[in-house]
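Observations on the three-dimensional arrangement
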Amino acid sequence: FRSKRFLRCKKDCSLIFVHISNLEFLSNNFGIRVLAQLRTEMAISIRRQVGNRNAFYIDRGRFVIICEKDTQEKVEQVAHRVNRFLNHTWKVGGVLAETSVGTCIIHLPEAASNMGEIYHFFDCMVQEKIADKNHFFREEDMMVSSIRRREEVDMAIERAIENHS
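Residues numbered from 1 in each chain as written. Predicted model: local features only at pLDDT ≥ 70, side-chain atom pairs only at ≥ 80, totals over all residues. Heavy atoms only, no water.

1. Observations concerning the overall build of the protein
For the protein, the count of helices and strands is five helices and seven strands. Helices and strands appear in the protein in the N-to-C order α-β-α-β-β-α-β-β-β-α-β-α. Burial statistics for the protein: of 165 residues in total, 42% are counted as buried. For the protein, the computed accessible surface area is about 9600 Å², with 50% contributed by carbon and sulfur atoms. (Helix = DSSP H or I, 4+ residues; strand = E, 2+ residues; numbered from the N terminus. Buried < 20%, exposed > 50% of the residue type's maximum accessible area, 1.4 Å probe, protein only. Areas by Shrake-Rupley, 256 points an atom, 1.4 Å probe, with all protein chains shown as cover.)

2. What to know about the packing of aromatic side chains
With the rule as written, the count across this model stands at one aromatic pair. Plain terms: the ring middles of tyrosine 57 and phenylalanine 63 are 4.9 Å apart, the flat faces sit at 70 degrees to each other, and that makes the pair edge-to-face. A residue is classified by how much of its surface remains accessible, and tyrosine 57, at 34% relative accessible area, is partly exposed. By relative accessible area, phenylalanine 63 is classed as buried at 2%. (Phe/Tyr/Trp six-rings, centres within 6.5 Å; stacked < 30°, edge-to-face > 60°.)

3. What about the pairing of strand β2 (residues 54-59)?
Strand direction decides the pairing type here: β2 and strand β3 (residues 62-67), joined by five bridges, are antiparallel. Note that in β3 the partner of aspartate 59 across the bridge is arginine 62. In this antiparallel pair of consecutive strands, β2 and β3, the connection spans two residues, and arginine 60 shows a positive phi of 40 degrees. (Pairing = 2+ DSSP bridges.)

4. Considerations on the nonpolar core
If you look at soluble globular proteins, the nonpolar side chains tend to sit buried side by side. Residues Ile16, Val18, Met42, Ile46, Ile65, Val82 and Leu86 are the most contacted members of the largest nonpolar core, which totals 25 residues. Of all the secondary structure elements, the ones that give two or more residues to this core are β1 (13-20), α2 (23-50), β3, α3 (72-86), β4 (89-92) and β6 (101-108). Of the residues forming this core, the biggest block, eight residues, is contributed by α2. With residues up to four places along the chain from it excluded, the contact list for methionine 42 reads Ile20, Phe63, Leu86, Trp90, Thr99 and Val101. In this structure, Ile66, Ile106, Ala111 and Phe121 belong to the second largest nonpolar core, which totals 16 residues. (Core = buried A, V, L, I, M, F, W, Y, C linked by side-chain atoms within 4.5 Å. Contact = heavy atoms within 4.5 Å.)

What follows is the structure in structure tokens.
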């Protein structure tokens, strides 16, 4: 998913971000080996749930599903299905691990125009802690403009401090 060509080739599409929000808890309680097995099982399950769409593991318990030719309604159906399917107790490595998974849909190019903005949007989703168990939301639910406006204010303050204004 790191390809910069993606945005040039795929003008209009939707991305479904999936985030394991209790990743740290799972890691601390069950260890890295169980966590790696859980990620593998979840990746296999996501692939089964999304049909012919591209799905990728990004990092730190984050996945992305690319919906290129789906209607907005179909994208939401896929996101809800993935969310419902992943939020349960998994038997992995001899232990039962309950996952807490959030999903978010963003539409390109409206929400992001480059890969940096896409990753930034996903980071905001995680930082705002709105990707908690059973949560499903769209980019407009995050108030993208509010996040961007807050960042612009933060940058202006940093510039003023640097310039001693």
